[in-house]
Amino acid sequence: MEPVGFAPDWSDRPRKGKFYTGAESFPLPDGDDAAPGPAATVQEGVFGNADPKERCFSLPLLGGMLLDSYGRTGRRLGVQANTDLPSLPLYTDANWSRGTASGGGLYPATVYWVNGPGGPLAPGVHHYSTTHHAMQRLLTGDVSAEVREAAGLGPGPCPDMTTDQFLVLGVKFWQNAFKYNSFCMHAVSMDVGALLQTWRMWARARGLRIEPALWFDEERIARLLGLDVLDEGVFAVVPLTWERTAPPSTGHTAGPAARVRRTESERSRRVIPFETVRRIQAATLEKATARPEPGALVPAAVSPEPPSSAPGAALVALPEPAPLGLGVREALRRRRSSFGRFDARRALAADQLAATLAAAASASVGGDATGREGLFGQDGPDGQDGQDGHVRHVRQDTPRLTRLYVFVNHVEGIAPGAYAYEPGSAHGLRLVKAGPPGDFLQRNYFLSNYNLEQAAAVVVPAVRTAAVLDAVGDRGYRLVNATVGAVAQTFYTAATALGVGSGVALGFDTVSFVEELELAESGEAPLLIMLVGHERPGSADFRYEIA
C-alpha cells in the first residue's frame, strides 16, 4: 500500500498507550473471577444468555473487566518463530501480554470512562492507563448527557438503573500506522472488535451486558474528549448499567462547551499522517449518526448454504463441542499466539475443532448494528420506544455476516480438505474441495512465523464486505472488521480454554483463497486466517514473574 517503500522508524515509535502528564490518577481494583452463581467460565462467556437485569456494574467489576481485557498482565518471552523474538528479552522492547489480541501486538485502542453522578466517583471524564491499571482524570463535571445525546441513547436515567456511565473507545491511528502505514485502518478496526468481544464474553459470564453503539455523532464526542477526529477516531460508545451507590446528585454539571483541555504527551518526535487512513476515516465519519434500521443488513448476510460446496457433498456431522470449562480470567491470561509451535504428530480431536467453530460462529459485536439484545433508545419488538433509559432486550433476527471455511489438515475422523462450516442445528462441515490443503496454505502465506501445514486446521472467516457497504454505507467498513476481530478473539479464547494452540494472521493472499474456495460469485472475501492445533511439548519459556 501507499506510500511505497515506507519503513518504520523504530527508534521514534510511539508509546503503546496514551499518557497525560500531571493528570490526577487513582488505581482501579483488580476485581475477581467469581460470578454470583455458576463459575464465570468461557462456556458461559461465549454461549451464555445472561439476563440484563441480573447484575449491574460496580467499580470492582469495571476494574476487573479492564484489567483482564486490556491491562498488562504478563510478558511474552517464550521461544517461538515470530520475527520479534530477538528483541523480546530487552526490557526497553518488552512485549507486555494482554487478554485481548491485537494486530502486531500494538494495542492502539484508548479506553475513556465518562461517568455521571450515578457512579462511585465525582462525575467527569477519565482515561484508562493500561500501564498502571489506573484512571487518569481528564475533566471534572457531568458530561454524561452530552455523550448520551451524541450516541442517540435517549434522555436521562430511569429510577432503578443509571445510564450515565459510558466507556468510549478511541483509536489513535499513529500507534499502529508508524509500523503498518496505510494498512493501519484495516488492523485497528479489527482490534476494536476484538476488545469489544472480550468485554462481551467477560460480562456475559457474570450476568452483565455489553452492547456498543457504533453509529453516533463521532465529531461531537471527539470534541468533548479534546481529539482531532482525523488523528484519533472514536469507534464505539458502550453504555454501562451501573449499580447506584447514591441517588443522583445535584453537583457540578459541565456546560455545553465543556471539553477535555489536557493533551497527551507524545513520545514520537515526528508523527506522520497517512492520506489513505485519513480518507477512510473521513468517509466513515459521513452519516455517522444514520443508525441502520432493523433488517438493513439482511441483504448483506451470507446465504444459508455455502455457494461453493462440492456438488452432492454430504454434510460431515461434527460431534458435540467439547466444553469450555476454563475461567474467563484464566483463559484471557493464558491466551497467546502459537508462532511456529504447531505439531502435526498429534491430531486434534473432532470435538475440540467443533468447539472452536461453534464459538467463533457465535461471535458478534452486538449493539446497534447486529445485536439481538438491543440498545438504549432502540425500539422493542412490541413497538414501544426504549427512550426511558432502560437497556431493552430487543429480540430480532440477526443477519449472519460471516461464514467460516475450514482447511482440515490433521483432525481425528475428518478427511483432509477444504470445508464450509454450517453452524446451528446443522453443526457440520460441507466439503468444498477434497485433498490435503497444506501445500496451498503455505504457498499463499507471506510470513515465516507459521508452518500452516502443521496446524490441525486453518479457519477462514469470510464476509460479503461490498454488500455490507451497500446496505449501511461506508461506516459498515468498521462493522465488517470489528465483526471479524470479534470472531478472532472468540476463537483465541475458546482454543485456550481447550488447552490447544492457536494463532491469527493477516499475511495471506486473499485473491488465491477466493479462487480456491470459489467465492467470486457470492462476493465473500476472507479477511484473516485462524490456526488451531496441538503444540510441540516442552517449548521453552521464561518465568518473568519470579525473576
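Asker: Give a detailed account of the packing of helix α9 (residues 350-362) against helix α13 (residues 476-498), specifying residues and quantitative values.
Answerer: Axis separation between α9 and α13 bottoms out at 8 Å; the angle between their running directions is 150 degrees. Between α9 and α13, the angle is such that the two are roughly antiparallel. Crossing angle aside, the handedness with which α9 passes α13 is right-handed. Mapping the contact onto sequence places Gln-352, Ala-355, Thr-356, Ala-359 and Ala-360 in α9 and Val-487, Thr-490, Phe-491, Ala-494, Ala-495 and Leu-498 in α13. Partitioned by chemical class, the residues of the contact of α9 with α13 number eight nonpolar, three polar and no charged.

Asker: Please give an account of the sheet that holds strand β7 (residues 165-172) that cites residues and values.
Answerer: Read from one edge to the other, the open sheet built from six strands follows the order β1-β6-β5-β4-β7-β8, with strand pairing classed as antiparallel. Edge positions in the sheet fall to β1 (25-27) and β8 (232-239), since each of these pairs with one other strand and no more. Here the average twist between neighbouring strands, direction ignored, is 30 degrees. Across six bridges, strand β5 (residues 124-129) lies against strand β6 (residues 134-140) in antiparallel orientation. Pairing of Tyr-128 across the sheet is with Met-135, part of β6. Lying on the sheet, helix α2 (residues 59-70) is in contact with β4 (109-115), β5, β6 and β7; it crosses β4 at an angle near 175 degrees.

Asker: An account of α13 is needed here, citing residue identities and associated values.
Answerer: In a regular helix each residue adds 1.5 Å, so 23 residues correspond to 33 Å; α13 covers 33 Å between its end C-alpha atoms and thus fits that length. Directly beyond the C-terminal end of α13, a positive phi value near 75 degrees is found at Gly-499.

Each value, and the rule that gives it
- Residues numbered from 1 in each chain as written.
- Predicted model: local features only at pLDDT ≥ 70, side-chain atom pairs only at ≥ 80, totals over all residues.
- Heavy atoms only, no water.
- Axes fitted to C-alpha atoms, helices over the stretch in contact; angles between N-to-C directions.
- Helix = DSSP H or I, 4+ residues; strand = E, 2+ residues; numbered from the N terminus.
- Parallel < 35°, antiparallel > 145°, perpendicular 65-115°, else oblique.
- Left-handed = near helix turned anticlockwise from the far one by under 90°.
- Contact = heavy atoms within 4.5 Å.
- Nonpolar A, V, L, I, M, F, W, Y, C, P; charged D, E, K, R; others polar.
- Pairing = 2+ DSSP bridges.
- Expected span 1.5 Å × (residues − 1).

Function cannot be read off these values alone, since they describe shape.
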